[in-house]
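Observations on the model geometry
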Amino acid sequence: RSRSSRMRSTLVAFAALVASATAFAPAGVFTSRQTAAARVTMARPVSLRAAGRMSTLKMSAVGEKKTVAPVFDEICEMTGVTLSRYMMEVARQNPDLRDLESLMGGIQQACKTIANLVDRATITGMVGYESGGGSINIQGEEQKKLDVVTNDVLKRALAFTGKVGVIASEEEDAPVFNADAYKGPRVPGGEGKYQKVLADVGSKYVTVFDPLDGSSNVDANIPTGTIFGVYEETESMENCVIDGGVEGSCLMNTLQPGTALVCSGYCLYSSSCMFVLTMGAGTHGFTYDRAIGEFVLTHPDIQIPKRGKIYSMNEANRWNWDKPLQEYVTALQTAQCETKTQYSSRYIGSMVGDVHRTLLYGGIFGYPADTKNVNGKLRLLYEAAPMSFLIEQAGGLSLTGKTRIMDLKPKEVHQRVPFLAGSTDDVMEMKSYYDACDDPVIIQRCIDRAAN
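Below is a summary of the structure that appears in this document. (Residues numbered from 1 in each chain as written. Predicted model: local features only at pLDDT ≥ 70, side-chain atom pairs only at ≥ 80, totals over all residues. Heavy atoms only, no water.)

**Some thoughts on the environment of V90**
Among the secondary structure elements, V90 is positioned in helix α3 (residues 83–93). The exposure class of V90 is buried, given its relative accessible area of 2%. Once you skip the residues sitting within four places of it in the chain, V90 turns out to touch P70, L97 and M279. (Helix = DSSP H or I, 4+ residues; strand = E, 2+ residues; numbered from the N terminus. Buried < 20%, exposed > 50% of the residue type's maximum accessible area, 1.4 Å probe, protein only. Contact = heavy atoms within 4.5 Å.)

What follows is the structure in structure tokens.
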């Protein structure tokens, strides 16, 4: 009875949020990919002052695509709103997104499998380095055993949906083309043969992911996670061929800016397993209920506080950071910031864990540029952009220092960018230090990064 009461309260709160949102949109319609500019404007004036400096941020216009949010008039008190039901309702309200239901089914099944693999890693011997060490991925990073296994789990789960044309992963040198997505059903008993059908094979998506972010922490039982992003094809890749290289149209479909994301999310493997998702109509969290084998809506319409009290960065690199960032963090530590309040430092070292805490508690998380990594270390396509979409949909902001990450068009699959994100007021205060910087090297680097 206690659990049912809590579940009912959560869902009533969610319904109230949906109802209040409809007052600002026609007939229950949410604007998909709502611009961060709109959120910044609601939060504070566009011109912002920090330490006597003025800061402005220009946002690019985002598409006018509309997504109708699901409404749950009747709810099972024993299960609540599951992710499976949530996606079914999204598909019913938005017929053009019906194929996304199948795709998300594949992703959530892969995440459940990965959660089990992580839980049992020490028992099953899935800890340590692949092949005893020496297995290096395209990033030049030594692969853990779970890096390889989880990449295969997610890649297969996506391919089996029949809705994904191209897959790009941290663990793959180049995008992987899924030719089966453009063929009819397989002939029973006929390996490699397909039925000839006239039916439309449906929408095809490009899916990008980091299968196990923070995998180096698995052996120490520290939180890890899966990050993913989904884009629509810009053109059909039915005849695309990748053979020892990447065919141009395949690569063009993969290298899209964050503003083109259809949905993004992450799955956090920690004290509980949590699936956080956005499709451009807010950011929502689902907790894995192992008793029923489903992700259940527990955090509807997550809203990051406009200002927090936590900063999260690897301070071992502090003296290699850009000078503006050093000055900003010093201001947070000495209560010389806008709030005149000393901030606390919290750093997990796993992006999914640090972003999750920031979404709930506010503040700023960063993996910034430094003298050793002038372009940062996080990958734009499958880490920075998907996480930025989630953060902006929760009312936050995500920058490289001066430039909005969602506006950046990747020049290559594994391109890296600095990442500074969190509460809008905190991020904009950080930006004011970069705006006041007169270092020509930093200025030119920011200009080059923003140029597409």
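**Some thoughts on the packing of helix α4 (residues 98–119) against helix α6 (residues 145–161)**
Interaxial distance between α4 and α6 falls to 8 Å at its minimum, and their mutual angle equals 155°. Judged by the inter-axis angle, α4 sits roughly antiparallel to α6. With respect to the hand of their crossing, α4 and α6 are arranged in right-handed fashion. On the side of α4, the interface is formed by S102, L103, G106, I107, A110, T113, I114, L117 and V118, while α6 contributes L146, V149, T150, V153, L154, A157, L158 and T161. Taken together, the residues of the contact of α4 with α6 sort by class into 12 nonpolar, five polar and no charged. (Axes fitted to C-alpha atoms, helices over the stretch in contact; angles between N-to-C directions. Parallel < 35°, antiparallel > 145°, perpendicular 65-115°, else oblique. Left-handed = near helix turned anticlockwise from the far one by under 90°. Nonpolar A, V, L, I, M, F, W, Y, C, P; charged D, E, K, R; others polar.)

**Topic: the packing of α3 against α4**
The description of two packed helices rests on the angle between their axes and on the distance between the axes. The N-to-C vectors of α3 and α4 enclose an angle of 165°; their axes lie 8 Å apart at closest approach. Classified by the angle their axes make, α3 and α4 are roughly antiparallel. Crossing handedness for the pair α3 and α4: right-handed. Here L83, S84, M87, M88 and A91 of α3 lie close against α4, whose contacting residues are R98, L100, E101, M104 and Q108.

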